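Close look at the chain arrangement
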Amino acid sequence: SDKDINGKPRTAQINYRVKSMTETLSHLQSKGVAIDKTEDCEFGKFAWVSDPDGNKIELFEEPPESI
């Protein structure tokens with residue numbers, strides 16, 4: 001079939017919003033997941049990991065609300 005994606009490069013990335021980046025990354029590391037990169041900025045906390053199939057996953061934690 002022309003729509004078969006086997007053997008083609010993956011170009012998508014899954015994004016998840018998490019409540020606690022610290023807890024999420026700690027849990028993932030305890031399961032043997034390598035953390036590719038982390039970044040804290042004014043927009044929140046970000047982390048990037050890859051699943052066992054090589055798919056990229058982005059994690060995002062919103063910044064605390066300013067008072």
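For the structure, see preceding data.
Attention in this report is confined to the structure presented alongside it. (Residues numbered from 1 in each chain as written. Predicted model: local features only at pLDDT ≥ 70, side-chain atom pairs only at ≥ 80, totals over all residues. Heavy atoms only, no water.)

Check the secondary structure of the chain and you find one helix and four strands. Reading the chain from its N end, one meets helices and strands in the order β-α-β-β-β. Looking at the 67 residues of the chain, the share that counts as buried comes to 21%. Contacts in the chain between residues at least 24 apart in sequence constitute 38% of all its contacts with a sequence separation of at least 6. With the model as given, the accessible surface of the chain reaches about 5700 Å², and the carbon-plus-sulfur share is 49%. (Helix = DSSP H or I, 4+ residues; strand = E, 2+ residues; numbered from the N terminus. Buried < 20%, exposed > 50% of the residue type's maximum accessible area, 1.4 Å probe, protein only. Contact = heavy atoms within 4.5 Å. Areas by Shrake-Rupley, 256 points an atom, 1.4 Å probe, with all protein chains shown as cover.)

Moving on, we get to the nonpolar core. Ranked by size, the top nonpolar core spans seven residues in total: Val18, Met21, Leu25, Ala47, Val49, Ile57 and Leu59. Elements with a minimum of two residues in this core: α1 (21–30), β3 (44–50) and β4 (56–61). Leave out the neighbours within four places in its chain, and Val49 touches Leu28, Val33, Ala34, Ile35, Asp36, Asn55, Lys56 and Ile57. (Core = buried A, V, L, I, M, F, W, Y, C linked by side-chain atoms within 4.5 Å.)

Attention now moves to the sheet that holds β3. Strand order in this open sheet of four strands is β1-β4-β3-β2, and the pairing throughout is mixed. The open sheet has two edge strands, β1 (13–17) and β2 (35–41), and neither has a second partner. Strand-to-strand twist of the sheet, defined as the mean angle between neighbouring strand axes without regard to direction, takes the value 15 degrees. In this structure, β2 lies alongside β3, joined through six bridges in antiparallel fashion. Paired with Thr38 across the strands is Ala47, a residue of β3. Set on the sheet, α1 makes contact with β2, β3 and β4; between it and β4 the angle comes to about 150 degrees. (Pairing = 2+ DSSP bridges. Axes fitted to C-alpha atoms, helices over the stretch in contact; angles between N-to-C directions.)

All right, on to the packing of aromatic side chains then. Counting across every chain of the model gives two aromatic pairs. Measuring from ring centre to ring centre gives 6.0 Å for Phe46 and Trp48, while their planes differ by 10 degrees; the resulting arrangement is stacked. For the residue pair Phe46 and Trp48, the accessibility class agrees, reading buried in each case. Joined through ring pairs, the aromatic side chains of Phe46, Trp48 and Phe60 make up one cluster. (Phe/Tyr/Trp six-rings, centres within 6.5 Å; stacked < 30°, edge-to-face > 60°.)

Attention now moves to the side chain of Glu58. Tracing the sequence through the fold places Glu58 in strand β4. Salt bridges are absent for the buried Glu58, whose nearest opposite-charge side chain, Lys37, sits at 8.9 Å. Separated by 2.8 Å, the side chains of Glu58 and Trp48 make a polar contact. Once residues within four sequence positions are removed from consideration, Glu58 is found in contact with Gln13, Ile14, Asn15, Tyr16, Phe46, Ala47 and Trp48. (Lys, Arg positive; Asp, Glu negative; His and termini not counted. Salt bridge = Lys/Arg side-chain N within 4 Å of Asp/Glu carboxyl O. Polar contact = N/O pair within 3.5 Å; in protein donor to acceptor, adjacent residues only side chain to side chain.)

Purely geometric stuff here, so don't read any function into it on its own.
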